[in-house]
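The lines below spell out each chain.
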Amino acid sequence: MVKVPNHVAIVMDGNGRWAQQHGHKRHVGHKEGVKALRKVVECAAKSGVKILTVFAFSSENWRRPREEVGLLMDLFLLALKQEIKRLQRNNVRLRIIGDRSRFSTDLQKSMAKAEEDTAANTGLVVQVAANYGGRWDITQAVRKLALEVQEGSVQPDAITEEHLAARLSFSDLADPDLFIRTGGEKRLSNFLLWQSAYAELYFTDVLWPAFDVAEFDAALAAYATRQRRFGLVGEQVVSSTETAG
Ligand code: IPE
Ligand code: IPE
Ligand code: MG
């Protein structure tokens, strides 16, 4: 049986370059990017992936030209409204991760509504990272823990990795198994820093709007060939999978 990742994380990069290559303004690339995401959501669900976490807007992306940031916010709002029906039909549960406090009230409301409306769905979980940064995530977890120390419910010398992990953005879900980045850059750009400690990395030059079912399947196929050792030696991994049947 082919090994399918339980949780796939994607840095959806390359919208701007795709638009430029096709003689359009950058925001056209972002619009096409939404279409690519729609397809990937469907094909992730069909492939047996349980969780899909995508990087839509980083904590650093506010530094882009004001016009681009504005258009991205408009697109977010529109996509949240337009996609709900489709998500419902596909039994997808939507979650937003990141610091929402910087978004407009309208957008924050739409985010909460989309989450509420899809909360009872039992299929694929799609997490959209918006104003997200891996360092922000770790920092907010540390802040929670510091408060608990101050209140006396946690002893500093009793703090373990599990304490911190339990206070991260999606502590109730498993860590990513496969981390995909499109658009050719080979960096994490502050995405799921803690949670990707043992994710298999997959980089492709394909620009996000051109990332299709075949590309997604290629990433899954590459994942299936990887031996995940988690610090063990290869023979230990082979014998443990043999005993697991
Ligand atoms: C990713 O595509 C989308 C966002 C960061 C919002 P880019 O906009 O970074 O596209 P390139 O990297 O400039 O081509
Ligand atoms: C990462 O892409 C963020 C998203 C895809 C949302 P960027 O295009 O912002 O990353 P850098 O700036 O090239 O590292
Ligand atoms: Mg980019």
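Look a little higher up for the structure.
Here's a quick rundown of the structure.

**Thoughts on the environment of E83**
Within the secondary structure, E83 sits in helix α3 (residues 66-89). Excluding residues that lie within four positions of it along the chain, E83 makes contacts with V34 and R38.

**Considering the packing of α3 against helix α4 (residues 105-118)**
In a pair of packed helices, the angle between the axes and the distance between the axes together describe the arrangement. The interhelical angle for the contact between α3 and α4, taken along N-to-C directions, is 15°, at an axis separation of 10 Å. In terms of orientation, α3 lies roughly parallel with respect to α4. Considering how the two elements wind past one another, α3 and α4 form a crossing that is left-handed. Counting all contacts with α3, which are made through M73, F76, L77, L80, K81, I84, L87 and Q88, the residues of α4 involved are D106, L107, S110, M111, A114, D117 and T118.

**Some thoughts on the pattern of salt bridges**
One pass over the structure, following the stated rule, counts 16 salt bridges. Residue R64 is joined to E68 by a salt bridge in which the shortest nitrogen-to-oxygen separation is 2.8 Å. Accessibility expressed as a relative area gives 29% for R64, which makes it partly exposed. Of the residues examined, E68 reaches a relative accessible area of 10% and is grouped as buried. Within the structure, one salt-bridge network assembled from shared partners comprises D13, R17, R181, E185 and R187.

**Some details on the packing of helix α2 (residues 26-47) against α3**
Where α2 meets α3, the closest approach of the two axes is 10 Å, and the angle between their N-to-C directions is 30°. By the angle class used here, α2 and α3 are roughly parallel. For α2 against α3, the interelement crossing comes out right-handed. Facing α2, whose interface residues are R26, H27, H30, K31, V34, R38 and E42, α3 presents E68, L71, L72, L75, A79, E83 and R86.

**Here's the deal with the site of ligand 1**
All residues adjacent to ligand 1 are M12, D13, G14, N15, G16, R17, R26, H30, A56, N61, R64 and L72. The contact in question runs from an oxygen atom of ligand 1 to an N or O atom on the side chain of D13, over 2.9 Å. Here R26 contributes a side-chain N or O atom positioned 2.8 Å from an oxygen atom of ligand 1. Here ligand 1 has 370 Å² of accessible area as a free molecule, and 88% of this is covered by the chains. With respect to the pocket detection grid, ligand 1 is positioned in the largest pocket.

Conventions and cut-offs
Residues numbered from 1 in each chain as written. Chains lettered and ligands numbered in written order. Predicted model: local features only at pLDDT ≥ 70, side-chain atom pairs only at ≥ 80, totals over all residues. Heavy atoms only, no water. Helix = DSSP H or I, 4+ residues; strand = E, 2+ residues; numbered from the N terminus. Contact = heavy atoms within 4.5 Å. Axes fitted to C-alpha atoms, helices over the stretch in contact; angles between N-to-C directions. Parallel < 35°, antiparallel > 145°, perpendicular 65-115°, else oblique. Left-handed = near helix turned anticlockwise from the far one by under 90°. Salt bridge = Lys/Arg side-chain N within 4 Å of Asp/Glu carboxyl O. Buried < 20%, exposed > 50% of the residue type's maximum accessible area, 1.4 Å probe, protein only. Near = heavy atom within 4 Å. Polar contact = N/O pair within 3.5 Å; in protein donor to acceptor, adjacent residues only side chain to side chain. Areas by Shrake-Rupley, 256 points an atom, 1.4 Å probe, with all protein chains shown as cover. 1 Å grid on protein atoms, 1.4 Å probe; cavity = no way out; pocket = protein on both sides within 12 Å on 5 of 7 lines; lining within 4 Å. Sits in = over half its atoms within 2 Å of the grid points.

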